[in-house]
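# Per-entry structural report
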Amino acid sequence: MDKAITVLLQLSLVTPFVMLLIAALVTCGVLRGKPHWPVVAGVTLTSIVAVTCLCFFSSRLEQQTYSLTLLNWLALAGKSTPQLQIGVLFDSVSLTWYGLISLCSLFFLLLSPRTADRLDSESRYAWPLYLLGFCAATGIVLSTNFLELFFFWLILSLGLNLLHEVNFQTESAVEPVSRHWWGWNTFSDALLLLALFLIHTNFSSLDFMKTLQPAAIQAVQAHNRVALPGIGVTLFLAVVPRLGLFPASALVISNTRPWPGRSLAALNLLAMPVGLFLLMRCAPLLLAVDATRNLITQLAIISAVLTGFSAITLMRVSDWSRCLCWLTATLTGIIVATLGFSGSELPAVLLPLIIVQICVLSVLLSLACRQQQQRLSETILPTIRVCLLLLLAAAFISLGTLLPPLITARESVTELRNDVLIWLILPLVGVYVFGLTRFYFSLSRQTTTKSHYHFPTLLLWSITGLICLLTMAMLCPLPLVPGYWQMPLKNFGPESFERDWFFCSLYCLAVLVALILAWMTAPQTRGTTSQHATSSLLQLGESHYHANQILNRVILQTVNYLVQCVAFLDDWLVTALSRRMLEKLPGYWGHLLSQMQNGQTAFPTLVLIFTMSILIFVLMVLQI
């Protein structure tokens, strides 16, 4: 048994890097073959190892964790500690993300088009670079300490930069390429390095199992109360470019050309899950201080609002590659905000939502790439419609796992600001549902496509069925499914409705309204796309302009009508009161004269009243 555990721990990290070496040799021409097949084989073997580890360790992780050091490398400043140790850590969080990244990358590679309409040399180097990012993401989620995590974080940044450079490099490109990814990745690396030094300064060890213990965190808080807020904010800002939160979400419109499929997969299936993993792993550090929690929650909500609005406005120009990226960023903002509301006990609750959504996203990205290259034939559209409906049903059902933590947060909230932020999540969920539904209608109602490309129908059915079974296994209590994955339906069914029926009703109403609006605004048909390429930033500006026009017609004109009604009422009241005062003013003056004759009113008071009466009389005459 010990040998089996050791072999699985070794294979989990060695397998992708061995296949990366083989892919590099094939790409350089040392070995014969196409670079695509070593990449698919490497991701497939890694997925097999991940599934085997999930089945083998699922019943053992509840009692203990497993770690193994594979390599002792560098020591900082000639000391024995901290030392760069390349190792593997198996617990519920790392093993879940290991399987998630492996399976989602496998789904995308199996369903995405093999080659794009690009030069062979560019496509040749893009495959091993994607595998390099995949290996780095695997190393991040299996890291045993912060120094190893930072080492693989740098490799992931390098892989993403080179992958984008290769994908956007063409000899026929007229417009210049905006290399914003270098800046954002450097920003993320620098802040993670700063967080690493802060952790090394305040904690006695860089190992996850020692640093993230409640006793160690409380000791640091008692010794230096500003250390934990600084570490938490630095870690959160380091993952902002990976999660695609605002303002890093502007990366997808930094270039006018459409994003290639492998770059989209690297952003949404490698970088974004890695960012979520770092938040979940470091949740005890991030959420130990209320001020840090409030900051993370507010930034996540603001980012989700901006990215959701941008995604809806881009649907007008059918730019689905950027729309899916911004919808993913919207979902990420919702998850991070819910994490800030509920505290460090939340990661286990959100696992089913994250797993299902990223698996569905991997299929949608592959279909968006085929739609962009017009490689979907009309004969395959009925199959795609059915599979998309099943995938969207699984995605919408998994969104229900947000209800228990949000209801719990509403019960414990004490500030009006936090209560308003919780209510803002309802329209954001509606925006996300609206975007996915609009993508279904846009993809299923297109008519002008090329029909000579082969589509893997059997693979689509298999992957759809696997995602649906995975959703059922995580949302329904089953004996063979790991307990840390399950969030049974009964936990967010009648019990949640009884605790807060009003919030649950509005949550379901937001989803229903989003579905109806997506159906009402869906395009009927889709013709041949125009060959004239305009700036993506200009398209976004035009879309925002049309959205503002709609808001002007719906809201501002209504407000203008109300203002005119109030002005008319004010004018009528002033006129009526003026005439009434003119009629009664002589009577008031005669009454004052009678009081003066009786000696009941002093002369100075009478003069003051007389002067004020003259002024009021003049003003009333001017009003009439």
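Please read all numbers here as calculations on a predicted model, not as lab measurements.

With that out of the way, let us pick up the overall build of the protein chain. Looking only at helices and strands, the protein chain features 22 helices and two strands. Counting only residues that meet the buried cut, the protein chain has 52% of its 624 residues in that class. Residue pairs in contact within the protein chain that sit at least 24 positions apart in sequence constitute 83% of those at least 6 positions apart. If you sum the accessible surface of the protein chain, you get close to 28,700 Å²; carbon and sulfur atoms cover 66% of it.

Moving on: empty space enclosed by the protein. One pass over the structure, following the stated rule, counts six cavities of 30 Å³ or more. Lining the largest cavity are 21 residues, with Pro241, Arg242, Gly244, Leu251 and Leu267 sitting closest to its centre. Broken down by class, the residue content of the lining of the largest cavity amounts to 14 nonpolar, six polar and one charged. The computed volume of the second largest cavity comes to approximately 50 Å³. Around the second largest cavity, the lining residues are Met272, Leu327, Thr328, Leu331, Gln357, Ile358, Leu361 and Tyr432. For the lining of the second largest cavity, the secondary-structure elements that each account for two or more residues are α13 (320–342) and α14 (347–372). Class assignment for the residues of the lining of the second largest cavity results in six nonpolar, two polar and no charged.

A surface patch of nonpolar side chains, amounting to about 700 Å² of accessible area, comprises Val14, Val18, Leu21, Ile22, Leu25, Val30, Leu31, Leu70 and Leu71. For the nonpolar patch, the secondary-structure elements that each account for two or more residues are α1 (2–28) and β1 (66–75). Ranked by the residues each element gives to the nonpolar patch, the list is headed by α1, at five residues. Judged by its relative accessible area of 45%, leucine 71 is partly exposed.

What follows concerns the side chain of serine 47. Along the polypeptide, serine 47 turns up in helix α2 (residues 36–57). Here serine 47 is in contact with Ser102, Leu103 and Leu106, once residues within four sequence places are set aside.

If you walk through the whole model with that rule in mind, you get four salt bridges. Between aspartate 290 and arginine 293 there is a salt bridge, with the nearest N and O atoms lying 4.0 Å from each other. Here aspartate 290 and its partner arginine 293 are both found in helix α12 (residues 290–314), three residues apart, which amounts to about one turn of the helix.

Counting 181 residues, the largest nonpolar core has Phe57, Trp97 and Leu285 as the members making the most contacts within it. Of all the elements, α14 adds the most residues to this core, at 16 residues. Setting aside residues up to four positions removed in sequence, leucine 285 forms contacts with Phe146, Ile199, Phe203, Leu212, Ile217, Leu228, Ile231 and Leu235.

Right, let's get into the packing of aromatic side chains. Within a pair of aromatic rings, the relevant descriptors are the distance that separates the centres and the angle that separates the planes. Applying the stated criterion to the full structure yields eight aromatic pairs. Taking 4.8 Å as the distance between ring centres and 75° as the angle between the ring planes, the aromatic pair formed by phenylalanine 146 and phenylalanine 208 counts as edge-to-face. Residue phenylalanine 146 is found in helix α5 (residues 146–167), and its partner phenylalanine 208 is found in helix α7 (residues 208–211); the two are separated by 62 residues along the sequence. With respect to burial, phenylalanine 146 and phenylalanine 208 carry one shared label: buried. Just above the ring of tryptophan 127 sits the side chain of arginine 262; from NZ or CZ to the centre is 4.3 Å.

Here helix α18 (residues 457–475) contains 19 residues, and its C-alpha end-to-end distance of 27 Å stays within 8% of the 27 Å for a straight helix at 1.5 Å per residue. Buried within α18 are the following residues: Leu460, Ile463, Thr464, Ile467, Cys468, Thr471, Ala473, Met474 and Leu475.

As for its position among the elements, serine 263 is in helix α10 (residues 261–281). Of note is the side chain of serine 263, whose polar atom sits 3.2 Å from the side chain of histidine 164.

Before going further, it helps to examine the packing of α2 against helix α3 (residues 92–111). For any two helices packed against each other, the geometry comes down to the angle between their axes and how far apart the axes lie. Two elements in contact, α2 and α3, have axes whose closest approach is 9 Å; the angle formed by their N-to-C orientations is 145°. Both α2 and α3 take part in a crossing whose hand is left-handed. Of the residues assigned to the contact of α2 with α3, the class counts are 15 nonpolar, seven polar and no charged.

Position of alanine 518 relative to the elements: it lies in helix α20 (residues 501–520). Each C-alpha atom of the pair alanine 518 and phenylalanine 439 lies 9.2 Å from the other, and the pair is 79 residues apart in sequence. With near-sequence residues (within four places) excluded, alanine 518 lies in contact with Phe434, Thr437, Arg438 and Phe441.

Turning to the environment of isoleucine 354, a few remarks are in order. In this structure, isoleucine 354 sits in helix α14. Its relative accessible area of 1% is what places isoleucine 354 among the buried residues.

This part is about the environment of glycine 430. Here glycine 430 lies in helix α17 (residues 416–444). By relative accessible area, glycine 430 is classed as buried at 10%. Here the alpha-carbon distance between glycine 430 and alanine 514, two residues 84 residues apart in the chain, equals 5.2 Å. Among residues more than four places away in sequence, those in contact with glycine 430 are Ala510 and Ala514.

For the rest of this paragraph, the subject is the packing of helix α15 (residues 381–398) against α18. At their nearest, the axes of α15 and α18 sit 10 Å apart, and the two run at 20° to each other. Considered as vectors, α15 and α18 are oriented roughly parallel to each other. For the pair α15 and α18, the crossing hand works out as left-handed. Taking contact as the criterion, the partners of Thr383, Ile384, Val386, Cys387, Leu390, Leu391, Ala394, Ile397 and Ser398 in α15 are, on α18, Thr457, Leu460, Trp461, Thr464, Ile467, Cys468, Thr471 and Leu475. Across the contact of α15 with α18, the residue classes tally to twelve nonpolar, five polar and no charged.

To continue, consider the confidence of the model for the protein chain. In the predicted model, the protein chain carries a mean pLDDT of 76, and 72% of its residues have values of at least 70. Overall, residues 116–121 carries pLDDT values under 50, and its contacts beyond four positions in sequence, including any with other chains, amount to ten contacts. When the criterion is pLDDT under 50, residues 526–535 qualifies, and its contacts beyond four places in sequence or with other chains add up to eleven contacts.

The rules behind each value
Residues numbered from 1 in each chain as written. Predicted model: local features only at pLDDT ≥ 70, side-chain atom pairs only at ≥ 80, totals over all residues. Heavy atoms only, no water. Helix = DSSP H or I, 4+ residues; strand = E, 2+ residues; numbered from the N terminus. Buried < 20%, exposed > 50% of the residue type's maximum accessible area, 1.4 Å probe, protein only. Contact = heavy atoms within 4.5 Å. Areas by Shrake-Rupley, 256 points an atom, 1.4 Å probe, with all protein chains shown as cover. 1 Å grid on protein atoms, 1.4 Å probe; cavity = no way out; pocket = protein on both sides within 12 Å on 5 of 7 lines; lining within 4 Å. Points joined across faces, edges and corners; volume = space filled by probe spheres on them. Nonpolar A, V, L, I, M, F, W, Y, C, P; charged D, E, K, R; others polar. Patch = residues over 30% accessible without salt bridge, like charges linked within 9 Å, V, L, I, M, F, W, Y side chains within 5 Å. Salt bridge = Lys/Arg side-chain N within 4 Å of Asp/Glu carboxyl O. Core = buried A, V, L, I, M, F, W, Y, C linked by side-chain atoms within 4.5 Å. Phe/Tyr/Trp six-rings, centres within 6.5 Å; stacked < 30°, edge-to-face > 60°. Lys NZ or Arg CZ within 6 Å of the ring centre and 35° of its normal. Expected span 1.5 Å × (residues − 1). Polar contact = N/O pair within 3.5 Å; in protein donor to acceptor, adjacent residues only side chain to side chain. Axes fitted to C-alpha atoms, helices over the stretch in contact; angles between N-to-C directions. Left-handed = near helix turned anticlockwise from the far one by under 90°. Parallel < 35°, antiparallel > 145°, perpendicular 65-115°, else oblique. pLDDT = per-residue confidence, 0-100.

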